[in-house]
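Structural description and commentary
Residue strings, one per chain:
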Amino acid sequence: MRHSGDSRLKTSGEWRGTKGRPAPNARSGPNQRPPFPGLLTTPGITVPLVEHLYTLAADYYRLAPWQWLSDKHPMEIRYPPDAEPRYAVVMGSSREVYGLAIYDTLEALRVTMMGLDPAQLRRLFSHMALIFDEARVMSFDDLDALEYYGWPLAAPHAHPWMIRTVPSMPPGPPNADDLFWLEGALEAIMTHVRRRSRKPARIAQPADVTISVAPLDGMAKVALRLPVPLFDDP
């Protein structure tokens, strides 16, 4: 399989920010979709958790992990360490889309990396992502909450859009399990990047580590493995 930056992720049509399509809240005629729900509409999600996610997202953007990791370097992440794995790919090495793509299964990761047609991907798999983009990609509710609570941003063009796609349904916000998982995963990825020697993104250092993180509800551990076991990249 040949790689060129994170081209499969951006051309898959799943994680393209506002490039080539209306923002989630754009009005587009009589068949328009309802406004994109805000994170605080998700059952079980609190203001302190979303504030912590915004803080972690701003730290992640400032760290710019795409300088050392690319889509050649998918990670297996287990949070907690005895949970089923999810697979994370840092986006940004192509300097077009910045963030983190998350796949629920190894098969979803493999098929995405093969460059399957975006419409087929949407029919087959659910995905989650954190994408940094301009304010226009955000839900109205999230923009209002951002202003009201004073949540941090790394830059005006780095609003953290958290999204999940589900087959046969319009995109929506991640569920509570997703957001709690993202809280631990973001900190673990940043800790891993800070610990590793700063080699260029084309060079991946193997890792199989358990990292301590500090979610709002107390200390926890995240297992991170790189490269992904059984992920062939000839």
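Parameters and conventions
Residues numbered from 1 in each chain as written. Predicted model: local features only at pLDDT ≥ 70, side-chain atom pairs only at ≥ 80, totals over all residues. Heavy atoms only, no water. Helix = DSSP H or I, 4+ residues; strand = E, 2+ residues; numbered from the N terminus. Buried < 20%, exposed > 50% of the residue type's maximum accessible area, 1.4 Å probe, protein only. pLDDT = per-residue confidence, 0-100. Contact = heavy atoms within 4.5 Å. Expected span 1.5 Å × (residues − 1). Pairing = 2+ DSSP bridges.

Regarding the environment of Arg-122
Inspection of the secondary structure puts Arg-122 in helix α4 (residues 118-124). Residue classification places Arg-122 among the partly exposed positions, given a relative accessible area of 38%. Placed 46 residues apart in sequence, Arg-122 and Ser-168 show a C-alpha to C-alpha distance of 7.4 Å.

A word on the confidence of the model for the protein chain
In the predicted model, the protein chain carries a mean pLDDT of 84, and the fraction of residues at 70 or more is 79%. No element of the protein chain has a lower mean pLDDT than helix α1 (residues 7-11), which averages 39, and none a higher one than helix α2 (residues 47-63), which averages 98. Overall, residues 1-23 carries pLDDT values under 50, and its contacts beyond four positions in sequence, including any with other chains, amount to 69 contacts.

Brief notes about α2
Here α2 contains 17 residues, and its C-alpha end-to-end distance of 24 Å stays within 8% of the 24 Å for a straight helix at 1.5 Å per residue. Buried-residue contacts for α2 involve β2 (86-91), β3 (98-103), β4 (127-133), α5 (140-149), β5 (159-165) and α6 (176-195). Taken from the residues just after α2, Ala-64 is the one with a positive phi, measuring 55 degrees.

A look at the pairing of β4
In summary, the side chains of a regular strand alternate between the two faces of the sheet. Burial runs high along β4: seven of the seven residues are buried. Residues His-127, Ala-129, Ile-131 and Asp-133 line one face of β4 and the alternating positions Met-128, Leu-130 and Phe-132 line the opposite face, and both faces are buried. One ladder, built from six bridges, connects β3 with β4; its direction is antiparallel. Pairing of Ala-101 across the sheet is with Ala-129, part of β4. Direction of pairing for β4 relative to β5: antiparallel, over a ladder of seven bridges.

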